[in-house]
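# Chains, contacts and geometry: an overview
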Amino acid sequence: MSALVVAVDGPSGSGKSSVSREAARRLGLAYLDTGAMYRAATWWCLHTGVPLDDQAAVARCVRELPLDQGVDPDAPHVVVAGTDIADAIRETAISAAVSAVATNLAVRDELRRRQRAAIATQSVATSFSHGRGIVAEGRDITTVVAPDADVRILLTASQEARLARRARDVHGSDDEAAVAATHDQVLRRDADDSTVAQFHVAADGVVTLDSSDLDFEETVEAVLAIVAQVT
Ligand code: C5P
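Residues numbered from 1 in each chain as written. Predicted model: local features only at pLDDT ≥ 70, side-chain atom pairs only at ≥ 80, totals over all residues. Heavy atoms only, no water.

A few words now on the packing of aromatic side chains. Applying the stated criterion to the full structure yields zero aromatic pairs. In this structure, Arg139 is placed above the aromatic ring of Phe199, and the distance from its NZ or CZ to the ring centre is 5.2 Å. (Phe/Tyr/Trp six-rings, centres within 6.5 Å; stacked < 30°, edge-to-face > 60°. Lys NZ or Arg CZ within 6 Å of the ring centre and 35° of its normal.)

As structure tokens, then:
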């Protein structure tokens, strides 16, 4: 069988990263977290002192981003210029700044080029997944990066469910105070991201999976069932 490419998009808090990673693991495929690439680009610009409102300087900086990103779902490392930044890119300062970098169109061109190359690499027999394929997730994978993917899924969830999940991830609780603390960050980031990528409504041929009432295991199984229909 030829390589399988599974594309998953969704808003923040939809669970797309953890669900995609687990689906990749169970399918024996590589896993590409494209959000981590935008986060790494943001970290690199801040680290090298590039002002994020200088579009040309940010674009130059990202073109030279020395990123080494793992695609093994069991060990997805993110290393920039020899520094492991897997934890650093999850910090609030990066989450707050990432949309400014991701809405830079020259940055998107550069990272999309790298994402397509990573997907192509997993279709050849010498790569991590031994040519079996990849699950790639983000905001524009089903529409722009891999519109020809074998499986394309938009993973959604109600605003309430997304805020509660993100509050549990960041604050370890989904009580009122924790949800209020994540509210602006989640909704503002999605609003900013929506100006350059369409991930709230499924494009033609993309399957919508609403995870509002599903737990993690049920959502992974639903993804695997969608994949099974085409394989
Ligand atoms: O998925 P995650 O929350 O880690 O994504 C971080 C940010 O990266 C998003 O808020 C968005 O600005 C950007 N992103 C993007 N396109 C993608 C993946 C992520 O613009 N394909």
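Now that the structure has been shown, the text picks up again.
This brings us to the pattern of salt bridges. Where charged atoms from two side chains of opposite charge approach closely, those side chains can pair. Going through the model one piece at a time under the given rule, you end up with 13 salt bridges. Measuring nitrogen to oxygen at the nearest pair gives 2.9 Å for the salt bridge that ties Arg162 to Asp190. Of this pair, Arg162 sits in helix H7 (residues 159-171) while Asp190 sits in helix H8 (residues 176-193); the two residues are 28 residues apart in sequence, bridging distant segments of the chain. Assigned by exposure class, Arg162 and Asp190 land together as buried. When the shortest N-O distance is used, the salt bridge between Arg168 and Asp174 registers 2.6 Å. (Salt bridge = Lys/Arg side-chain N within 4 Å of Asp/Glu carboxyl O. Helix = DSSP H or I, 4+ residues; strand = E, 2+ residues; numbered from the N terminus. Buried < 20%, exposed > 50% of the residue type's maximum accessible area, 1.4 Å probe, protein only.)

What follows covers the site of the ligand. The local shell around the ligand holds 15 residues, among which Arg39, Arg108, Asp140, Arg189 and Asp193 are the closest. Note that a nitrogen atom of the ligand is positioned 3.1 Å from one of the side-chain N or O atoms of Thr34. For the ligand, an oxygen atom lies 2.7 Å from a polar atom in the side chain of Arg108. Alone, the ligand offers 450 Å² of accessible surface; in the complex the protein occludes 98% of this. Those elements giving two or more residues to the shell around the ligand turn out to be helix H2 (34-47), helix H4 (92-102) and H8. Tallying contributions element by element places H2 first for the shell around the ligand, with four residues. The residue inventory of the shell around the ligand, partitioned by class, reads three nonpolar, four polar and eight charged. (Near = heavy atom within 4 Å. Polar contact = N/O pair within 3.5 Å; in protein donor to acceptor, adjacent residues only side chain to side chain. Areas by Shrake-Rupley, 256 points an atom, 1.4 Å probe, with all protein chains shown as cover. Nonpolar A, V, L, I, M, F, W, Y, C, P; charged D, E, K, R; others polar.)

Right, let's talk about the sheet that holds strand S7 (residues 151-156) for a bit. Adjacent strands of a sheet form backbone hydrogen bonds with each other and so pair up, either parallel or antiparallel. A sheet is described by the order of its strands in space; here five strands give the open sequence S2-S6-S1-S7-S8, paired in parallel fashion. A single partner strand is all that each edge strand has here, and the edge strands are strand S2 (30-33) and strand S8 (207-210). Sheet twist, expressed as the average angle between the axes of neighbouring strands with direction ignored, equals 20 degrees. In this structure, S2 lies alongside strand S6 (residues 133-138), joined through four bridges in parallel fashion. (Pairing = 2+ DSSP bridges. Axes fitted to C-alpha atoms, helices over the stretch in contact; angles between N-to-C directions.)

Per the UniProt annotation, the sites labelled "domain: Cytidylate kinase" (unreviewed entry) are residues 6-228. Spanning residues 6-228, this segment combines 50% helix with 14% strand, and its end C-alpha atoms are found 11 Å apart. (UniProt positions renumbered as here; feature names shortened; annotations may be inferred.)

Turning our eyes to something else, we now look at the sheet that holds strand S5 (residues 83-84). Ordered in space as S3-S4-S5, the three strands form an open sheet in which the pairing is antiparallel. Of all the strands in the sheet, just strand S3 (67-69) and S5 have a single pairing partner and so form its edges. Where H2 meets the sheet, its contacts fall on S3, strand S4 (78-80) and S5, and the angle it forms with S4 comes to roughly 30 degrees. (Contact = heavy atoms within 4.5 Å.)

Another aspect to go through is the pairing of S7. In terms of residue burial, S7 counts as a mostly covered element, since six of its six residues are buried. Both faces of S7 are covered, namely the face carrying Val151, Ile153 and Leu155 and the face carrying Arg152, Leu154 and Thr156. Sheet topology note: the strand S1 (residues 4-9)/S7 ladder contains four bridges and is parallel. Among the inter-strand pairings, Val8 is bridged to a residue of S7, identified as Ile153.

It is worth spelling out the UniProt feature "binding site: ATP" (unreviewed entry) in the chain at this point. UniProt records the feature "binding site: ATP" (unreviewed entry) at Gly10, Pro11, Ser12, Gly13, Ser14, Gly15, Lys16, Ser17 and Ser18, using the numbering of this structure. When you line up the elements, Lys16 lands in helix H1 (residues 16-27). The buried category is assigned to Lys16, whose relative accessible area is 9%. If you trace the backbone, Ser17 turns up in helix H1.

Soluble globular proteins tend to pack their nonpolar side chains together in the buried interior. Trp43, Val58, Ile85, Leu111 and Ile119 are the most contacted members of the largest nonpolar core, which has 39 residues in total. Counting residues per element, this core draws most heavily on H2, which supplies eight residues. When residues no more than four places from it in sequence are discounted, the contact partners of Leu111 are Met37, Tyr38, Ala41, Val62 and Leu65. (Core = buried A, V, L, I, M, F, W, Y, C linked by side-chain atoms within 4.5 Å.)

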